[in-house]
Amino acid sequence: MGNFLTRRHILAAALCMAPAFVAPSFAADKIKVAGIHASPVENAWNSRIHEALQSAHDDGVIEYVFSEGVSGTDYARAMREYAEQGVDLIWGESYAVENEARQVAADYPDIAFLMGSSGGPAGDNFGVFGTRNHEAAYLAGMLAGTLSKSNTYGSVGGYPIPEVNLLINAYREGVKEVNPDAKFLNGFIGAWFDPPKAKEAAIAQIDAGADVIFGERIGTADGAKEHDVLAIGSLIDYTPRYPGTVFANAIWNFRPTVDAVVADVAAGNPVGRDYTEFSFMKHGGNDINFVADGISPDAISAMEEKRKAIKEGTFEVPIDTNEPS
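So what exactly am I meant to see when it comes to the pairing of strand β1 (residues 31-36) here?
Consecutive side chains of a regular strand alternate in pointing toward one face of the sheet and then the other. By the criterion of burial, β1 is predominantly enclosed, with six of the six residues buried. Every second residue of β1 is oriented toward a common face, with I31, V33 and G35 on one face and K32, A34 and I36 on the other, all of them buried. Taken together, the six bridges between β1 and strand β2 (residues 62-67) define a ladder with parallel strand orientation. Counterpart to A34 in the pairing with β2 is V65. Of the crossover connections in this fold, the one passing from β1 over helix α2 (residues 44-58) to the parallel β2 is right-handed.

Would you mind showing me how to read the packing of aromatic side chains here?
Note on aromatic pairs: each is described by the distance of the centres and the angle between the planes. Scanning all chains against the criterion turns up 15 aromatic pairs. The structure contains a cluster of three or more aromatic residues connected by ring pairs, namely W45, W91, Y95, F129, W252 and F254. Positioned above the aromatic ring of F315 is the side chain of K306, whose terminal nitrogen or guanidinium carbon lies 4.1 Å from the ring centre.

Explain the pattern of salt bridges to me, please; I cannot follow it from the model alone.
Pairs may arise between side chains of opposite charge once their charged atoms sit close together. Per the stated rule, a full pass over the model turns up 18 salt bridges. Note that E277 and R273 form a salt bridge whose closest N and O atoms lie 3.2 Å from each other. A salt bridge links R307 to D287; its shortest N-O distance comes to 3.0 Å. Placement of the pair is R307 in helix α10 (residues 297-312) and D287 in strand β12 (residues 286-290), with a sequence separation of 20 residues. Residue classification places D287 among the buried residues on the basis of a relative accessible area of 17%. A cluster of three or more residues bridged by salt bridges with shared partners is formed by D287, E304, R307 and K311.

Could you clarify how one ought to interpret the nonpolar core in this entry?
Across soluble globular proteins, nonpolar side chains have a tendency to be buried as a group. In this structure, F129 and F254 are the most contacted members of the largest nonpolar core, which totals 46 residues. Examining the composition of this core, we find that six residues originate from one element, α2, more than from any other. Counting 29 residues, the second largest nonpolar core, distinct from the first, contains Y138, L139, L143 and V175.

Explanation requested: helix α3 (residues 72-84) in the structure shown.
Helical periodicity: at 3.6 residues per turn, an α-helix aligns residues three or four positions apart in one direction. Here α3 is 13 residues long and its end C-alpha atoms lie 19 Å apart, about the 18 Å a rise of 1.5 Å per residue gives. Every buried residue of α3 is listed here: Y75, A78, M79, Y82 and A83. Buried residues in α3, looked at end-on, bunch into an arc of 130°, giving them a common side. Projecting away from the buried face of α3 at angles above 90 degrees are the exposed residues T73 and E84. Buried residues along α3 sit against β1, β2, β3 (89-93), α4 (98-107) and β4 (112-116). At the C-terminal side of α3, G86 shows a positive phi close to 90°.

Calculation notes
Residues numbered from 1 in each chain as written. Predicted model: local features only at pLDDT ≥ 70, side-chain atom pairs only at ≥ 80, totals over all residues. Heavy atoms only, no water. Buried < 20%, exposed > 50% of the residue type's maximum accessible area, 1.4 Å probe, protein only. Helix = DSSP H or I, 4+ residues; strand = E, 2+ residues; numbered from the N terminus. Pairing = 2+ DSSP bridges. Right-handed = clockwise from strand over helix to strand, strands pointing away. Phe/Tyr/Trp six-rings, centres within 6.5 Å; stacked < 30°, edge-to-face > 60°. Lys NZ or Arg CZ within 6 Å of the ring centre and 35° of its normal. Salt bridge = Lys/Arg side-chain N within 4 Å of Asp/Glu carboxyl O. Core = buried A, V, L, I, M, F, W, Y, C linked by side-chain atoms within 4.5 Å. Expected span 1.5 Å × (residues − 1). Arc of directions from axis to C-beta. Contact = heavy atoms within 4.5 Å.

None of this, on its own, says anything about what the molecule does.
In structure tokens, the structure reads:
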């Protein structure tokens, strides 16, 4: 096992008056990867990335260390600390620190950076990726379109950024494919991790008539469960935690992206490119899982036909980054 930098390491370092980011040890023959997570790795989005990097570590592909809960004010410093330690690749999320992250990458041209970002790549060493489980969200919407009794569908998101907007819009398009007269409600909670606030937003939509809720944020399903309506999960599988409530999940798989960027680093190729494509279904980057109980066979058959077309490339789910109302 590798050495893992967590909040506990950071706290211990602070107590000892040592630098907050402790130098890890790496195997010489593996790609050295440092992950800098702004949220705890238990957060849904971060958990998918952490799991993918951890699995690559366990497979012997990379040597992985990470820091979690790194604030925006500390983010650039964390990047520089890892760069000075001689890692090959720094994974991060630059949404809140775009300028600072790009400056660090420019200062370390021999180190590869892969950042979750709403902007484009920069130079030879600053690659970006976006979250794309919109295809699975579309398919979940197709199933949802047959399940509402009120014909009103809700969704709860974090912030109205392109990655979130396109996901909610794809879900809506899936609903409208089978139910063109559907009505929609949406709310943004202004946070990436605030389950109580997401629950409150879901309950507000339920009170307004929604009986199927798409949960882009953790906590949405809690409101759905409490009021006995249906919910769809995003990124991870929520069904075991909410049986009878969450009937489908738009799963995101980050391992194809990890494999693609690590292959480029190993080959000495520039990584200043957009790796978003590896989140698409044709690469195994996202997919739907669902519980068939209560869904008509015809609805499942129509969804599976569309799923096949997406994987084969004969149908493309529309990408609409406009803020949903």
